[in-house]
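A look at the structure
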Amino acid sequence: VVRTMGKLQSKISFHSTKYRAEGSVGQAGPAGASRQHSPAHTDAVTSVAALKPDLCVSGGRDKSVAVSSWRSGAALRRFTGHEREVTKVTSALDSSRVFSASRDKTVMMWELHGTSGPSQHFPGHDLVVTGLAVSPDASQLCTGSRDNTVCKWDTETGECVGRAAISRNLVTHLCWVPGEPYVIQTSEDKTTRVWDSRELQVAHTFPAKQHIQTCCDVSQDGRYCLSSSSGSAGHGAEATLWDLRQTRGRVCEYKGHVQTTTSCVFLPRGPSLAPSIATSSSDSTVKLWDQGTAGRG
């Protein structure tokens, strides 16, 4: 079954209890009362990712990175150092390290409990960095750019330990396969690639789609990946489920958006819930899909 969830909002405001100076969240006031917090960013938010069960990290056009509480809505930390818009943020789940990519062609690493400046700097791309994926132990980082390259970095030293270039491979997104040395990458050349991070070589390329692939995600069990397509006027704009382990082929498509599908994600699976995915689109909707029936159940 597919469900559509209203209009996407262009601005987010945080409402909840006031946090103390040291960053701990205060107690709620009188019943029904809440205190309004300043927005995490002063311009459009460009990326958001989970950091810990109760924290998320976001990046914005204001060149900053913010860590906010899911529960209270408070922006607990703010990091600055990029010279241009932040394009992507990520972290290894339950790690204290946060990573951000930017139009300034660099990636930076931030410590959740460190200073407001970066703890590591990763320069080396020639154009805007558009893909960012960190290994589960946060020791390695893969980045991708519109300069047609994918790079691998040692997060401790900041050293670039691998670089691979493919003609016309304008990277749109990267994500790490849980428990595996593989990284999924989508591209403006309409393909989705599987990279082996050990040698930084392409292990598999899925059949090209009809439109630019805008985003990708991997299921927690590492068995499937999703990619989403650009589109307009009802053409394209689908999300595609790919098998990573057996056939390495297309499993099904999720069709219903009428404009570019900008992001796709596997939803956490509850004990009584069927596997589901969510997609968002330039058509101002978010759709929820049954993973197994592609919304046709």
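Residues numbered from 1 in each chain as written. Predicted model: local features only at pLDDT ≥ 70, side-chain atom pairs only at ≥ 80, totals over all residues. Heavy atoms only, no water.

As annotated in an unreviewed UniProt entry, the chain carries the name WDR31 protein and comes from Pheucticus melanocephalus.

Focus: the packing of aromatic side chains
Evaluation of the coordinates by the stated rule reveals four aromatic pairs. When the ring of Phe-122 is compared with that of Trp-153, the centres are 5.6 Å apart and the planes differ by 70°; the resulting orientation is edge-to-face. With Phe-122 in strand β11 (residues 120–123) and Trp-153 in strand β14 (residues 149–154), the pair connects residues that are 31 residues apart, well separated along the chain. For Phe-122, a relative accessible area of 1% gives the class buried. When its relative accessible area of 2% is taken as the criterion, Trp-153 is described as buried. (Phe/Tyr/Trp six-rings, centres within 6.5 Å; stacked < 30°, edge-to-face > 60°. Helix = DSSP H or I, 4+ residues; strand = E, 2+ residues; numbered from the N terminus. Buried < 20%, exposed > 50% of the residue type's maximum accessible area, 1.4 Å probe, protein only.)

A short note on the nonpolar core
Counting residues in hydrophobic clusters, the biggest one holds 15 residues, and the most contacted among them are Val-57, Val-65 and Val-67. When contributions to this core are tallied by element, the ones reaching two or more residues are β4 (45–52), β5 (55–60), β6 (64–69), β7 (75–80), β8 (86–91) and β10 (106–111). If we skip the residues at most four places from it in the chain, Val-57 touches Ser-47, Val-48, Ala-49, Leu-51, Val-65, Ala-66, Val-67, Val-89 and Val-98. Val-129, Leu-132, Ala-138 and Leu-141 belong to the second largest nonpolar core, which has 13 residues in total. (Core = buried A, V, L, I, M, F, W, Y, C linked by side-chain atoms within 4.5 Å. Contact = heavy atoms within 4.5 Å.)

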